[in-house]
Each structure stands twice: as structure tokens, then as C-alpha cells.
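# Observations on the three-dimensional arrangement
Single-letter residue listing:
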Amino acid sequence: MMKYLKLIAILSIFSLLLAACSGQKETSSNGDPNKLTVKTTIFPLKDFASKIGGKYVDVKNVVPAGVEPHDYEPTVQTMSELSDSDLFIYNGAGLDGFADKAIDTLDQTHTTVVKATRGISLEEEHAEGQDHKHEHNHGDIDPHVFIDPVHSIKMAENIKDALVKKDPGHKNDYEKNYEELKTKLTALDQDYKSTIDKSPKKEILVSHAAYGYWEKRYGLKQIPISGLSPSNEPTQKQLQSIIELSKKHNIKYVLFEDNVKPRVADTVKSEVGAEALSFHNLESPAKKDRDKDYISLMKGNLDILKKALQ
């Protein structure tokens with residue numbers, strides 16, 4: 001009998017230790033209890049939420065640096081952190097597909113879900129040359145809205161509105177921070193427009209079809225090697241069309257994202273005789289870019305774009 005009592009006592013102590021550890025982990029994951037806990041799916045949303053929320057928010061991106069959000073699957077730990085958060089901000093439009101499943105599990109009376117692309121007119125996939133349009137898993141909708149500074153203003157506004165609703169006591173701060181960000185995004189849009197308007201060519205050869213919003217906004221023409229998702233590689237016929245279009249437009253550079261390089265990219269690069277240039281991946285920048293923000297990454301991309309359009 002004494003053995004059983006000792007066993008029960010040991011199990012009770014072990015359970016208390018587990019509960020204590022669990023409580024410590026929860027406090028750690030939530031950070032400062034006086035701040036709103038915000039989780040985002042892609043880097044631009046993290047940057048916007050951090051800038052608008054300022055000292056009143058603790059923001060964390062759930063997709064690790066350098067990982068493609070197209071195919072990311074959250075861990076049990078990530079799902080636990082999402083359920084504890086005050087706001088969950090996702091892109092929508094198919095880019096962060098895991099978010100749709102995650103949302104179904106959240107208690108939305110506690111965690112406010114914010115679709116950043118709400119109210120934005122989404123574009124269908126489009127590429128120079130109709131015969132090399134690729135099949136893909138996202139339907140025809142281009143989810144890379146955040147590369148357009150004007151659309152980013154609307155995304156930032158959606159985030160600001162959600163913060164104000166969740167924490168009306170700091171409305172003036174959120175409004176002020178949003179207006180400052182809006183001014184910078186407006187200036188960025190003008191930089192892109194001016195640079196592209198002055199460029200002698202408008203065609204760019206890119207690793208995948210992520211630049212449709214630049215086509216719509218600034219008149220560029222993308223020639224993508226892969227579809228909206230980097231895993232959607234071209235058929236042999238499509239590949240030949242890509243090579244012919246690139247030669248027709250005298251393409252000198254192929255633009256790769258830091259962590260996106262389709263297997264056929266080297267073939268296209270060799271056949272066209274193009275030099276490789278590297279874009280920053282705004283979805284989930286590499287660890288080397290952890291100290292940069294959306295504006296600086298976009299300006300870096302503009303410098304590369306300027307070279308590619310010569």
C-alpha cells in the first residue's frame with residue numbers, strides 16, 4: 001500500500017512540475033504581458049505590424065527566415081503560439097495556405113484574424129507570351145500583393161484598423177505610426193515608377209511569376225521560368241518559349257530570389273547567355289537580411305531592377 005502511495009505522490013509532483021514548465025513556456029512565448037501578441041505569416045506583414053504597433057506590440061513571424069511560405073507547415077508549438085496570440089495576420093490569396101487550416105482551429109473571440117489583402121483587387125497570373133503560362137496550385141490568382149507599395153499601403157491600413165479595434169486606448173499612436181509608414185511607401189512607389197519609366201526596356205527574366213503587380217502598376221513585362229509557386233516548373237515546350245522570348249528581348253540578366261532557384265534555371269541562364277542577379281525574397285528574407293526592413297529591401301531590389309532593365 002505504501003508503494004502505491006509513494007507512486008501517487010511522485011506522479012503528483014511530476015504533474016505539478018510539468019504544469020509549471022508549461023506556464024513558463026507560455027509566458028516566454030507571449031513575451032511582455034502588457035503588449036499585444038501578434039503573429040504574422042510573411043515578412044512584410046511583420047514589418048508593417050511592428051512599425052504601426054510600435055512599443056505596444058510584440059510581433060513574431062511564424063515562417064522561419066529563408067523558408068518558402070508556399071509549402072510551410074506549422075509545428076505543434078507554432079499552433080500553440082497562434083492560439084495564445086491576440087492577433088494573427090496573414091496574407092491570404094493562397095500564398096500562406098497553411099493559414100486557412102490554422103484559422104479553423106483558433107478561438108476568434110480571443111485571437112483576432114486579419115486578412116491583410118482584404119479590399120485589394122487581386123491580379124490573375126500573367127506573363128509575357130501566352131504560350132508559356134504555367135499550371136500551378138494557386139488557381140489564377142497572384143498572391144504576391146506586397147511587392148506593390150500602393151497595395152502595401154492598404155495592407156498596412158488593414159493592420160492599423162485591427163490594432164485600433166483590439167486596443168482603442170492607443171489609437172492615436174497607431175494612426176500616427178501608420179501615417180509615417182504610408183508616407184514612406186508612397187515615396188517608394190514614386191521611386192519605382194520614376195526608375196522604370198526611365199529604363200530603356202521593360203522585360204525581365206525572373207525565377208518565378210511573382211511580379212505581376214509590377215506589370216500592372218509600372219508596365220513591366222515578366223518572363224518567368226516557373227509559375228506562381230517556385231515548384232511549378234515549365235514543360236519542354238514552355239521552356240523553349242521562355243528562351244526564345246528572352247533572346248527576342250535581348251535579356252542580359254536572370255533575376256533569382258535568395259531562396260528560389262528552379263532546377264531548370266541554369267538551363268535558361270546558359271541558353272540565353274544571361275548573368276544571374278539576386279533579388280531579396282520579401283516573403284521570408286534570408287538570415288543575413290534580418291536587420292533590414294521592407295523599405296530597405298525594396299530599395300535594394302530597385303537597384304537590381306535598374307541594372308536588369310538596361
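This structure is a prediction, so every number in the text was calculated from the model and none was measured.

## Some remarks on the packing of helix H8 (residues 236–248) against helix H9 (residues 265–272)
- As a packed pair, H8 and H9 sit with axes 10 Å apart at the nearest point and diverge in direction by 35 degrees. Both H8 and H9 take part in a crossing whose hand is right-handed. Residues Leu-239, Ile-242, Ile-243, Ser-246 and Lys-247 of H8 lie in contact with H9, whose contacting residues are Thr-267, Val-268, Glu-271 and Val-272.
- A class-by-class count of the residues in the contact of H8 with H9 yields five nonpolar, two polar and two charged.

## Overview of the sheet that holds strand S6 (residues 221–226)
- Taken in spatial order, the four strands line up as S6-S5-S7-S8 in an open sheet, and their pairing is parallel. In this open sheet, the two edge strands, each paired with only one partner strand, are S6 and strand S8 (275–279). Put simply, the sheet's adjacent strands are angled 30 degrees from each other on average, direction ignored.
- Across two bridges, strand S5 (residues 203–208) lies against strand S7 (residues 253–257) in parallel orientation. Paired with Val-206 across the strands is Leu-255, a residue of S7.

## As for the pattern of salt bridges
- What the rule picks out here adds up to eleven salt bridges.
- Between Asp-148 and Arg-217 there is a salt bridge, and its shortest N-O distance comes to 2.9 Å. Separated by 69 residues along the polypeptide, Asp-148 in the loop between strand S4 (112–115) and helix H5 (149–166) and Arg-217 in helix H7 (residues 212–218) bring together distant segments of the chain.
- The exposure class assigned to Arg-217 is partly exposed, which follows from its relative accessible area of 34%.
- A salt bridge links Lys-193 to Asp-197, with the nearest nitrogen and oxygen atoms 3.1 Å apart. Residue Lys-193 and its partner Asp-197 are both found in helix H6 (residues 171–198); the two are separated by four residues, about one turn of the helix.

## Observations regarding unusual backbone geometry
- Positive phi, close to 65 degrees, is recorded for Ala-93, a residue that is not glycine.
- Residue placement: Ala-93 occurs in the loop between strand S3 (87–90) and helix H4 (98–105).
- Its identity is not glycine, yet Asn-250 carries a phi of approximately 55 degrees, on the positive side.
- On the secondary structure map, Asn-250 appears in the loop between H8 and S7.
- The exposure class assigned to Asn-250 is partly exposed, which follows from its relative accessible area of 48%.

## Section: the confidence of the model for the protein chain
- Overall, the prediction assigns the protein chain a mean pLDDT of 84, with 84% of residues at 70 or greater.
- Ignoring residues within four places in sequence, the model shows residues 1–29, a span with pLDDT below 50, making four contacts including any to other chains.
- Predicted confidence for residues 129–138 stays below pLDDT 50, and this span has 30 contacts to residues more than four positions away or in other chains.

## Let's talk about the nonpolar core
- Formed by 56 residues in total, the largest nonpolar core has its most connected members in Tyr-192, Trp-214, Leu-255, Tyr-294 and Leu-305.
- It is helix H10 (residues 294–308) that provides the largest number of residues to this core, a total of eight residues.
- Leave out the neighbours within four places in its chain, and Leu-305 touches Tyr-192, Ile-196, Ile-204, Trp-214, Leu-220, Leu-255 and Phe-279.
- Core analysis: the second largest hydrophobic core is formed by 15 residues, Ile-243, Leu-245, Val-264 and Ala-265 among them.

## Comments concerning helix H2 (residues 43–53)
- When you tally the buried positions in H2, you get eight out of eleven residues, the bulk of the element.
- Restricting attention to buried positions, one finds in H2 the residues Phe-43, Pro-44, Leu-45, Asp-47, Phe-48, Ala-49, Ile-52 and Gly-53.
- The inward-facing, buried residues of H2 contact strand S1 (36–40), strand S2 (57–61), S3, H5, H6 and H10.
- Just past H2, the residue Gly-54 takes up positive phi, approximately 55 degrees.

## Describing the pairing of S3
- Neither face of S3 is exposed, since Leu-87 and Ile-89 on one face and Phe-88 and Tyr-90 on the opposite face are all buried.
- With four bridges joining them, S3 and S4 adopt parallel strand pairing. Counted as the bridge partner of Phe-88 is Val-113 from S4.
- Between S3 and its parallel partner S4, the chain crosses via H4, and the hand of that crossover is right-handed.

Thresholds, definitions, all that
By convention here, each chain's residues receive numbers from 1 onward along its written sequence. Restriction of local features to residues with pLDDT of at least 70 applies here, the model being predicted, together with a cutoff of 80 or more for giving and counting side-chain atom pairs; totals for whole chains, interfaces and linings are based on all residues. Working from all heavy atoms in the structure, the side-chain values ignore hydrogens and water. The axes are straight lines fitted to the C-alpha atoms, using for helices just the contacting stretch, and the angles between their N-to-C directions are given from 0 to 180°. Helix and strand assignments come from DSSP, with helices taken as H or I runs of at least 4 residues and strands as E runs of at least 2, each series counted from the N terminus. With the far helix as reference, a near helix turned anticlockwise by less than a right angle produces a left-handed crossing, and one turned clockwise produces a right-handed crossing. Residues count as neighbours in contact if any of their non-hydrogen atoms are within 4.5 Å of one another. Here the nonpolar group is Ala, Val, Leu, Ile, Met, Phe, Trp, Tyr, Cys and Pro; Asp, Glu, Lys and Arg are the charged ones; every other residue, Gly included, is treated as polar. Strands qualify as paired when DSSP identifies two bridges or more between them. A carboxyl oxygen of Asp or Glu within 4 Å of a side-chain nitrogen of Lys or Arg is what we treat as a salt bridge. The rule is simple: take the accessible area with a 1.4 Å probe, protein chains only, and divide by the maximum for that residue type; under 20% is buried, over 50% is exposed, in between is partly exposed. Looking at any residue, its pLDDT shows the predictor's confidence there, from 0 to 100. Here the nonpolar core consists of buried residues drawn from Ala, Val, Leu, Ile, Met, Phe, Trp, Tyr and Cys, with membership extended through side-chain atoms lying within 4.5 Å. Orient the strands so they point away from the viewer; a crossover is then right-handed if the path from the first strand over the helix to the second runs clockwise.

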